[in-house]
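# Coordinates in review
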Amino acid sequence: LSGVDYVVEAIVEDIEAKRHLFKTIDALVAPGVILASNTSAISIATLATATNRADYVLGMHFMNPVPAMLLVELIRGIATDSATFKQIRVLTARLGKTPISA
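Residues numbered from 1 in each chain as written. Predicted model: local features only at pLDDT ≥ 70, side-chain atom pairs only at ≥ 80, totals over all residues. Heavy atoms only, no water.

## Here's the deal with helix α3 (residues 82-94)
Three or four residues apart is the spacing at which side chains of an α-helix point the same way, because the helix has 3.6 residues per turn. Heads up, the rule is: Numbering of helices and strands runs from the N terminus; a helix is a DSSP stretch of H or I covering at least four residues, while a strand is a stretch of E covering at least two. One less than the residue count of a helix, multiplied by 1.5 Å, gives the span that helix is expected to have. Relative accessibility thresholds used throughout: buried, under 20% of the residue-type maximum; exposed, over 50%; partly exposed, between the two (1.4 Å probe, protein chains only). Along the arc lie the directions from the helix axis toward the C-beta atoms. Residue contacts follow a heavy-atom distance rule, with two residues in contact if any of their heavy atoms lie within 4.5 Å. By the criterion applied in these results, polar contacts are pairs of N or O atoms within 3.5 Å in which, for protein atoms, one can donate a hydrogen and the other can accept it, and in which residues neighboring in sequence qualify only through two side-chain atoms.
Its 13 residues place the ends of α3 19 Å apart at the C-alpha level, agreeing with the 18 Å of an ideal helix rising 1.5 Å per residue. The set of residues buried in α3 consists of Thr 84, Phe 85, Ile 88, Leu 91 and Thr 92. Down the axis of α3, the smallest arc covering the buried residues is 120°, so these residues share one side. Residues of α3 that are exposed and point more than 90 degrees away from the buried face comprise Ser 82, Lys 86 and Arg 94. In this fold, the buried residues of α3 make contact with β1 (6-9), β2 (34-37), β3 (57-62), β4 (71-76) and β5 (98-101). The distance from a side-chain oxygen at the start of α3 to the backbone nitrogen of Ala 83 is 2.9 Å, and the residue carrying that oxygen is Asp 81. In the segment just after α3, Gly 96 is the residue with positive phi, at about 80°.

Written out as structure tokens, the structure is:
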């Protein structure tokens with residue numbers, strides 16, 4: 001993971017599993033790497049507290065079925081930086097998807 005700019009997790013909807021993964025990923029990636037969760041129900045702020053980069057954590061919920069659906073819901077955490085949010089909007093569009101914000 002040393003050369004990545006973004007990480008999107010899409011594991012089981014279990015808060016402790018996601019927090020553990022975010023803590024692990026946070027220690028592996030460079031500062032400034034954006035961490036996104038595909039969660040549809042877990043608080044982004046709660047996930048962000050497992051990291052040392054709350055300003056670089058947000059939700060990126062891909063609608064199912066992913067190959068057919070164009071919408072991606074982008075969710076800010078309490079501490080998500082505006083520049084982080086803007087970068088993910090651009091990335092979402094580059095993926096051929098339509099970003100929507102809650």
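There's plenty left to go through after this.
## Here we look at the packing of aromatic side chains
To be explicit about the condition: In this analysis, rings of Phe, Tyr and Trp, with Trp reduced to its six-membered ring, are considered paired at centre separations within 6.5 Å, and the interplanar angle assigns stacked below 30 degrees, edge-to-face beyond 60, and tilted for intermediate values. The rule for a charge over a ring is simple: NZ of Lys or CZ of Arg within 6 Å of the ring centre, and within 35 degrees of the ring normal.
In total, this model carries zero aromatic pairs according to the counting rule given. Note that Arg 76 overlies the ring of Phe 85, its terminal NZ or CZ placed 4.0 Å from the centroid.

## Considerations on the environment of Ser 82
The residue Ser 82 is located in helix α3 in this model. Judged by its relative accessible area of 51%, Ser 82 falls in the exposed class. When the C-alpha positions of Ser 82 and Tyr 56 are compared, they lie 9.4 Å apart, and in sequence the two are 26 residues distant.

## Comments concerning the sheet that holds β2
Definition in use: Between any two strands, at least two bridges found by DSSP are needed for them to pair. Geometry is summarised by axes, namely lines fitted to C-alpha atoms with helices restricted to the contacting stretch, and by angles between N-to-C directions that run from 0 to 180 degrees.
Taken in spatial order, the five strands make up an open sheet running β1-β2-β3-β4-β5, and their pairing is mixed. Two strands lie at the open edges of the sheet, namely β1 and β5, each paired on one side alone. Neighbour to neighbour, the strand axes of the sheet diverge by 30° on average, direction disregarded. Direction of pairing for β2 relative to β3: parallel, over a ladder of three bridges. The residue of β3 that forms the bridge with Ala 36 is Leu 58. In the packing of helix α1 (residues 15-28) onto the sheet, the strands contacted are β1, β2 and β3, and the crossing angle to β2 comes to about 165°. Sheet contacts for α3: β1, β2, β3, β4 and β5; angle to β4, the most-contacted strand, approximately 175°.

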